[in-house]
Amino acid sequence: MTPRGWALLTLAGLTIALVVLAALLIPWHRPPAPRADQLAALGDLPAEQVAKGREFRAALRPGGYTALAVGLLIALALGLTPLGSRLVELVGRPFGGHWAAQAVLGGLAVVLVADLVTLPFAAWRQSVLTRYGLSTNGWSGWAVDLLKSYAVSAVIGAVALFGFYAVIRLAPRWWWAFGAAGAAVLVVLLSFVLPVVVEPVFNRFTPMEQGQLRTELMSMAARDGVPVRDVLVADASRRTRAVNAYVSGLGPTRRVVVYDTLLREATPAEVTAVVAHELGHAKDSDVAAGTLTGALGAAAAVVALYLLGSWGPLLRLAGVDSVAQPRAFPLLVALVTVAGLVAAPVQALMSRRVEARADAHALALTNDPESFESMQRRLGSVNLGDPDPPRWEYLYSASHPSTVERMAAARAYAREVGR
Ligand SMILES: [Zn+2]
């Protein structure tokens, strides 16, 4: 069999594995709480809070979607015309067109162009956040964050680009196989490393101070059978008023993180509800499952790019002879961008189901639906969320159930246990 035949077979195998994993790992059987309960919950929210959240989300929308469209257009303009390959060539020229210069500097230049074109939209978003009082870091803090994130992406991108094109040179016929394995390993590695190497670039993490709340949270984790070494507090207040918590890392790097804003704004019972939700993620190994799915997805993407990249019309559009050239990198970016936009609603749906399961875990663990519901209200009001967002937006991009769905889930639980 030819390398191409093996690639087709591999892609089929990876696709089946992904479908099976999604079928097994995602709690598909858990339907959202009845719409009537959601509408009742919506009716119980202060009208002013609902209006403010909707106004804020509406203010973000034009810039957000324009940025998405412009980003897509730039990716297509660079990838499906010879513009991008010329840019890669140009950047590599001072280095005699050396492949490594084209691969790393040319590749980063392509990404940078897209970032710079959408920069005004990012600034505009920051101005909306500031106007609504959510942002606390000012323009200098915003600029520093932006530069830091460029730097982090440049480092990770340079390593990935160099590795990818080095593999292509070492194994011209089978690079897709090594590339797929490398991409999968990189995803797993990043999952371990990001919380301890990258997150501290943006925030300071300190162990939660000793006290009744910490003791309670640790004993809840023990009762839940989830080994948690510590609950960390992030100094999120340096850039936002928004409240949040999350769990990240794998094995030895796993941590539950709460924003300092959450500790300031919420009652201890509400913080407990949030942490119980995060313990649900830990208990169901959602980070590990996400990492595994991400790794297989990245491997499948590399194989798919190899197969698509031998398609003549596409190569002619991009003005390159082979997808294996660094000059073809803009074409790969265009394909990945389109795939990302198409996959977004599927990813959002899977995320919502996983989040709903963590909510159910929190309700069962704390057996305190009142605090869970008040936590949802607070999350919505402080973060200026639309408690019941437009259906199309919810379906396309919502990573979490809506506030009214989560409130309704708490009410359904309360009914079930007779509280
Ligand atoms: Zn969650």
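Counting restarts for each chain: residues are numbered from 1 in the order of the written sequence. Totals for whole chains, interfaces and linings use all residues, but because this is a predicted model, local features are given only for residues with pLDDT of at least 70 and pairs of side-chain atoms are given and counted only at 80 or more. In computing side-chain properties, one takes all heavy atoms of the structure into account and sets aside hydrogens as well as water.

Draft legend 1. Main features of the nonpolar core. For our purposes a nonpolar core is just a set of buried Ala, Val, Leu, Ile, Met, Phe, Trp, Tyr and Cys residues, chained together by side-chain atoms within 4.5 Å. Throughout this description, buried means an accessible area under 20% of the type-specific maximum (1.4 Å probe, protein chains only), exposed means over 50%, and partly exposed covers the range between. With 39 residues, the main nonpolar core has F164, Y165, W175, V303 and L332 as its most contacted residues. When contributions to this core are tallied by element, the ones reaching two or more residues are helix 1 (3-25), helix 3 (47-79), helix 5 (99-131), helix 6 (138-170), helix 7 (175-202), helix 11 (286-308), helix 12 (312-318) and helix 13 (329-366). It only takes one pair of heavy atoms within 4.5 Å for two residues to be counted as in contact. What Y165 contacts, discounting residues up to four positions off in sequence, is W99, A103, A324, Q325, P326, F329 and L332. In this structure, L213, V256, V271 and L365 belong to the second largest nonpolar core, which totals 34 residues. Strands here are runs of E lasting at least two residues and helices are runs of H or I lasting at least four, both read from the DSSP assignment and numbered beginning at the N terminus.

Draft legend 2. Expanded view of the confidence of the model for the chain. Looking at any residue, its pLDDT shows the predictor's confidence there, from 0 to 100. Summary statistics for the chain give a mean pLDDT of 93 and a share of 100% for residues scoring 70 or more. By mean pLDDT, the top-scoring element of the chain is helix 4 (residues 83-92) (96), and the lowest-scoring one is strand 3 (residues 245-248) (86).

Draft legend 3. How the structure looks around the layout of surface pockets. Detection works on a 1 Å grid of protein atoms alone, calling trapped sets that fit a 1.4 Å probe cavities and calling open sets with protein on both sides within 12 Å along at least five of seven lines pockets, with lining residues defined by an atom within 4 Å of a point. Grid points are joined across faces, edges and corners, and a volume is the space filled by probe spheres set on the points. One number sums up the size of the second largest pocket: a volume of about 540 Å³. Lining the second largest pocket are 27 residues; nearest its centre among them are P31, P32, A33, A356 and E405. At the level of secondary structure, the elements contributing two or more residues to the lining of the second largest pocket comprise helix 2 (35-44), helix 13, helix 15 (391-397) and helix 16 (403-417). For the lining of the second largest pocket, the leading source of residues is helix 13, giving 7 residues.

Draft legend 4. Region of interest: the packing of aromatic side chains. Each pair of aromatic rings taken from Phe, Tyr and Trp, with Trp reduced to its six-membered ring, is defined by centres within 6.5 Å and is described as stacked if the planes are under 30 degrees apart, edge-to-face if over 60, and tilted in the remaining cases. The final tally for this structure, using the stated rule, is 9 aromatic pairs. Centroid distance W175 to Y306: 5.3 Å. Interplanar angle 85°. Geometry classified as edge-to-face. With W175 in helix 7 and Y306 in helix 11, this residue pair connects regions lying 131 residues apart in the sequence. This pair shows no difference in class: W175 is buried, exactly as Y306 is. Site record: aromatic cluster; members linked through ring pairs are F164, Y165, W174, W175, W176 and Y306. One cation-aromatic arrangement involves R255 over F205; the distance from NZ or CZ to the ring centre is 5.8 Å. Here the basic side chain of R352 rests over the ring of Y394, its NZ or CZ set 4.4 Å away from the ring centre. Placement of a positive charge over a ring is assigned whenever Lys NZ or Arg CZ falls within 6 Å of the ring centre and within 35 degrees of the normal to the ring plane.

Draft legend 5. Summary view of the pattern of salt bridges. Here, a salt bridge means any Lys or Arg side-chain nitrogen found within 4 Å of an Asp or Glu carboxyl oxygen. By the definition in use, this model includes 18 salt bridges. Here D44 ties to R411 by a salt bridge, and the two come within 2.9 Å at their closest N and O atoms. Taken as a pair, D44 in helix 2 and R411 in helix 16 lie far apart in primary sequence, 367 residues in all. In this structure, the salt-bridge partner of R411 is E373, at a minimum N-O distance of 2.7 Å. You can see R411 sitting in helix 16 and its partner E373 sitting in helix 14 (residues 369-382), a full 38 residues away along the chain. Judged by its relative accessible area of 11%, E373 falls in the buried class. Each of D44, E373, R377 and R411 takes part in salt bridges that share partners, so that together they form one network.

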